[in-house]
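Tertiary structure, described
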Amino acid sequence: MKHLTKIFFLIVSMMFFCNEIHAQGVVATATLDTNIVVVGQPFTLELSITQPKDIKIDWPYISDSIGALEVVKNEGLDTIPVEDNTILMRTQKVTMMAFDTGMFVIPGFTIDYKVRNTNAKVYTDPLSIKVFLMPVDTTKAIKDIHPIQDVPYDWLFIGLVVLGAGPIVTGK
């Protein structure tokens, strides 16, 4: 009976310990909205972190480029409370472009955080994107996208500009 009580106490202790670890989990993901683009076509990198509310996260800094990929727009950090305001989901969307062809790898992000004065890290997986040129049919003739358009003259506007510029040029 004594042996059974020790096993029961051990199992109950482990359940509380495992529940505590699960409650302190930080999950980080990085995703791309597409993995194949044409040169100059924008695509979106989304970095998401799900965390307990009481954990301090050091959000990774995304500069103006990641390798050969240019950051066009860096949207701010968006925080959404979930599960009775005890868990936060933080998301950042970054619009990027590539101006060279090839296969590019966005390295995984390292997210540092602190749990009860203990430093910890969580990592995202690296992402790859293939950039290619727009296919061109060289057997066809080259032509303009739009025909040349004539710009009409607005003589009233030109007259007002000349009259208005006269005093500025003469200094009177």
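Residues numbered from 1 in each chain as written. Predicted model: local features only at pLDDT ≥ 70, side-chain atom pairs only at ≥ 80, totals over all residues. Heavy atoms only, no water.

Some thoughts on the side chain of T91
Put simply, the rule is: Numbering of helices and strands runs from the N terminus; a helix is a DSSP stretch of H or I covering at least four residues, while a strand is a stretch of E covering at least two. Three labels apply to residues, based on accessible area from a 1.4 Å probe with only protein chains included: buried if under 20% of the type maximum, exposed if over 50%, partly exposed otherwise in between. Here, residues are in contact when the closest pair of their heavy atoms is within 4.5 Å.
One can find T91 in strand 8 (residues 87-98). Residue classification places T91 among the buried residues on the basis of a relative accessible area of 12%. Excluding residues within four positions of it along the chain, T91 makes contact with E46, L47, S48, W59, G76, L77 and D78.

Describing the sheet that holds strand 9 (residues 102-106)
To keep things clear, this is the line we draw: Two strands form a pair only when DSSP identifies at least two bridges running between them. The axes used here are C-alpha line fits, helices contributing only the stretch in contact, and every angle between their N-to-C directions lies in the interval 0 to 180 degrees.
What the three strands build is an open sheet, ordered 2-12-9; its pairing is mixed. In this open sheet, the two edge strands, each paired with only one partner strand, are strand 2 (36-38) and strand 9. Within the sheet, the average angular offset between the axes of one strand and its neighbour, ignoring direction, is 30 degrees. Across three bridges, strand 2 lies against strand 12 (residues 127-132) in parallel orientation. Among the inter-strand pairings, I36 is bridged to a residue of strand 12, identified as K130.

Quick look at the sheet that holds strand 4 (residues 56-58)
Strand order across the open sheet formed by three strands is 4-10-11, with antiparallel pairing between neighbours. What marks the edges here is a single partner per strand, and that holds for strand 4 and strand 11 (118-123). Within the sheet, the average angular offset between the axes of one strand and its neighbour, ignoring direction, is 30 degrees.

Observations concerning a nonpolar patch on the surface
So the rule is basically this: Surface patches are defined over residues having more than 30% relative accessible area and no salt bridge, joining like charges when they lie within 9 Å and nonpolar side chains (Val, Leu, Ile, Met, Phe, Trp, Tyr) when within 5 Å. For the accessible areas, the method is Shrake-Rupley and the probe is 1.4 Å, while residue cover comes only from the protein chains on display. Here, a salt bridge means any side-chain nitrogen of Lys or Arg that lies within 4 Å of a carboxyl oxygen of Asp or Glu.
A contiguous nonpolar patch, built from Y153, W155, F157, I158, V161 and V162 and spanning about 710 Å² of accessible area, is present on the exposed surface. Assignment of secondary structure puts V162 in helix 2 (residues 155-170).

Examining the pattern of salt bridges
Within the structure shown, the criterion is met by three salt bridges. Here D112 ties to K121 by a salt bridge, and the two come within 3.3 Å at their closest N and O atoms. Note on D112: relative accessible area 29%, which makes it partly exposed. Residue K121 is classed as partly exposed on the basis of its relative accessible area, which comes to 49%.

Regarding the environment of N74
By the element assignment, N74 lies in strand 6 (residues 69-74). Using a relative accessible area of 37% as the deciding quantity, one classes N74 as partly exposed. Along the primary structure N74 and Q92 are separated by 18 residues, whereas in three dimensions their C-alpha atoms are 7.8 Å apart. Those residues in contact with N74 that lie beyond four places of it in its chain are I62, Q92, K93 and V94.

Regarding the pairing of strand 7 (residues 78-82)
Sheet topology note: the strand 7/strand 8 ladder contains five bridges and is antiparallel. In the strand pairing of strand 8, I80 is matched with M89. Remark: four residues form the turn of the hairpin made by strand 7 and strand 8, two consecutive strands paired antiparallel; E83 in that turn has positive phi of roughly 50 degrees.

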